[in-house]
Amino acid sequence: QQQVKQSPQSLIVQKGGISIINCAYENTAFDYFPWYQQFPGKGPALLIAIRPDVSEKKEGRFTISFNKSAKQFSLHIMDSQPGDSATYFCAASGGSYIPTFGRGTSLIVHP
Amino acid sequence: EAGVTQFPSHSVIEKGQTVTLRCDPISGHDNLYWYRRVMGKEIKFLLHFVKESKQDESGMPNNRFLAERTGGTYSTLKVQPAELEDSGVYFCASSLLLAGEQFFGPGTRLTVL
């Protein structure tokens, strides 16, 4: 039973394009939605996070869009660069602060 | 400042053998977490230590897995005896505060043949 569903599994984008990764959750007790970025040979690292009291959060080229009623959130990477090539995980957590992760999206940005 | 370190980076063992994974958290981080990612699947929580005490071990798959954190510093995760389905990448993470940002180690890739 997947509590956080992530799509697509893999994504190929040209340099300068927009990368979009979507996630959906079921547990309405979740109140913190982080995205992690993982490069080969490294562990996941917190990239950006949002709480449900806002619908959008932007940090540089990375934006989270959040739709509470639909229980969906997405990561948008604007002007994607080859250095953005990595695996991205969405996650959600509630009172326990233990994140429930999606299955990950492997992003490749072609130069 | 040194990050979370894990040893070994890779381990290949045969079914029925024992393997011990080690995690050294960031110095001063009382909270230590173990996670596992089976290939292509989500990263799943295994357990959480606060100092040397197990705060939450609800994610431990079965009694073949034993985690310890003697002295509240480094932690070990022992799998005995290992089964094929134990293969995956085991991540350790640490945080300063209970609800604080978790910093992940590079993981240990375990292959059970």
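Note: the structure precedes this text.
Cut-off values and rules
- Residues numbered from 1 in each chain as written.
- Chains lettered and ligands numbered in written order.
- Predicted model: local features only at pLDDT ≥ 70, side-chain atom pairs only at ≥ 80, totals over all residues.
- Heavy atoms only, no water.
- Pairing = 2+ DSSP bridges.
- Helix = DSSP H or I, 4+ residues; strand = E, 2+ residues; numbered from the N terminus.
- Axes fitted to C-alpha atoms, helices over the stretch in contact; angles between N-to-C directions.
- Buried < 20%, exposed > 50% of the residue type's maximum accessible area, 1.4 Å probe, protein only.
- Contact = heavy atoms within 4.5 Å.
- Buried area = accessible area lost by both parts, 1.4 Å probe.
- Salt bridge = Lys/Arg side-chain N within 4 Å of Asp/Glu carboxyl O.
- Polar contact = N/O pair within 3.5 Å; in protein donor to acceptor, adjacent residues only side chain to side chain.
- Nonpolar A, V, L, I, M, F, W, Y, C, P; charged D, E, K, R; others polar.
- Patch = residues over 30% accessible without salt bridge, like charges linked within 9 Å, V, L, I, M, F, W, Y side chains within 5 Å.
- Areas by Shrake-Rupley, 256 points an atom, 1.4 Å probe, with all protein chains shown as cover.

**Student:** Looking at this model, I keep getting lost on the sheet that holds strand β3 (residues 19–24) of chain B. Mind explaining?
**Tutor:** Residues and elements named next belong to chain B. The strand order across the open sheet built from four strands is β1-β3-β8-β7, with neighbouring strands paired in antiparallel fashion. Of all the strands in the sheet, the pair left with one neighbour each is β1 (5–7) and β7 (65–68). Direction aside, the axes of adjacent strands within the sheet are offset by 15° on average. Here five bridges tie β3 to strand β8 (residues 75–79), and the two strands are oriented antiparallel to one another. Paired with Val19 across the strands is Val79, a residue of β8.

**Student:** What exactly am I supposed to notice about the pairing of strand β2 (residues 10–13) of chain B here?
**Tutor:** Along any regular strand, the residues point their side chains to alternate faces of the sheet. Residues and elements named next belong to chain B. Of the two faces of β2, only the one carrying Ser11 and Ile13 is buried; His10 and Val12 on the other face are not. Of the strand pairs in this sheet, β2 and strand β11 (residues 108–112) are connected by four bridges, and their pairing is parallel. Bridging across to β11, Val12 finds its partner in Thr111.

**Student:** Where do I start with the interface of chain B and chain A in this structure?
**Tutor:** Quite often, the size of an interface is put as the accessible area lost when its parts meet. The partner chain A presents 16 residues to the 17 residues of chain B that form the contact. For the pairing of chain B and chain A, the buried interface totals around 1400 Å² over both sides, and the portion due to carbon and sulfur atoms is 64%. It is Glu42, Ile43 and Phe104 of chain B that lose the most area in chain B upon contact with chain A, and together they represent 35% of the buried surface on that side. Residue Glu42 of chain B is joined to Arg103 of chain A by a salt bridge in which the shortest nitrogen-to-oxygen separation is 3.3 Å. Joining chain B to chain A, the criterion identifies two residue pairs in polar contact (both at pLDDT 80 or more). Secondary structure elements with two or more residues in the side of chain B that touches chain A: β4 (31–37) and β5 (43–50) of chain B. Class assignment for the residues of the side of chain B that touches chain A results in nine nonpolar, four polar and four charged.

**Student:** Please explain a nonpolar patch on the surface as it appears in this structure.
**Tutor:** Residue and element names in this part refer to chain A. On the surface, Ile18, Ile20 and Met78 cluster together into a nonpolar patch covering about 240 Å² of accessible area. Along the polypeptide, Ile18 turns up in the loop between β2 (10–14) and β3 (19–25). By relative accessible area, Ile18 is classed as partly exposed at 47%.

**Student:** How do you make sense of the pairing of β11 of chain B when you look at a structure like this?
**Tutor:** Residue and element names in this part refer to chain B. Here β11 shows a buried face lined by Thr108, Leu110 and Val112 and an unburied face lined by Arg109 and Thr111. Looking at chain direction, strand β9 (residues 88–95) and β11 are connected through three bridges and run antiparallel. If you follow Tyr90 over to β11, its bridge partner there is Thr108.

**Student:** So what exactly am I meant to see when it comes to the sheet that holds β3 of chain A here?
**Tutor:** The pairing of strands in a sheet happens through backbone hydrogen bonds and is either parallel or antiparallel. Residues and elements named next belong to chain A. Spatial ordering of the open sheet is given by β1-β3-β8-β7-β6, a layout of five strands whose pairing is antiparallel. Strand pairing shows two members of the sheet lacking a second neighbour, β1 (4–7) and β6 (56–59), which therefore form its edges. Here the average twist between neighbouring strands, direction ignored, is 15°. As paired elements, β1 and β3 share four bridges and run antiparallel to each other. When the bridges of β3 are listed, Val4 appears paired with Tyr25.

**Student:** What exactly am I supposed to notice about the environment of Ser106 of chain A here?
**Tutor:** Relative to the helices and strands, Ser106 of chain A is located in strand β11 (residues 105–110). In this structure Ser106 of chain A touches Gln9, Ser10, Leu11, Ala86 and Thr87 of chain A, once residues within four positions along its chain are discounted.

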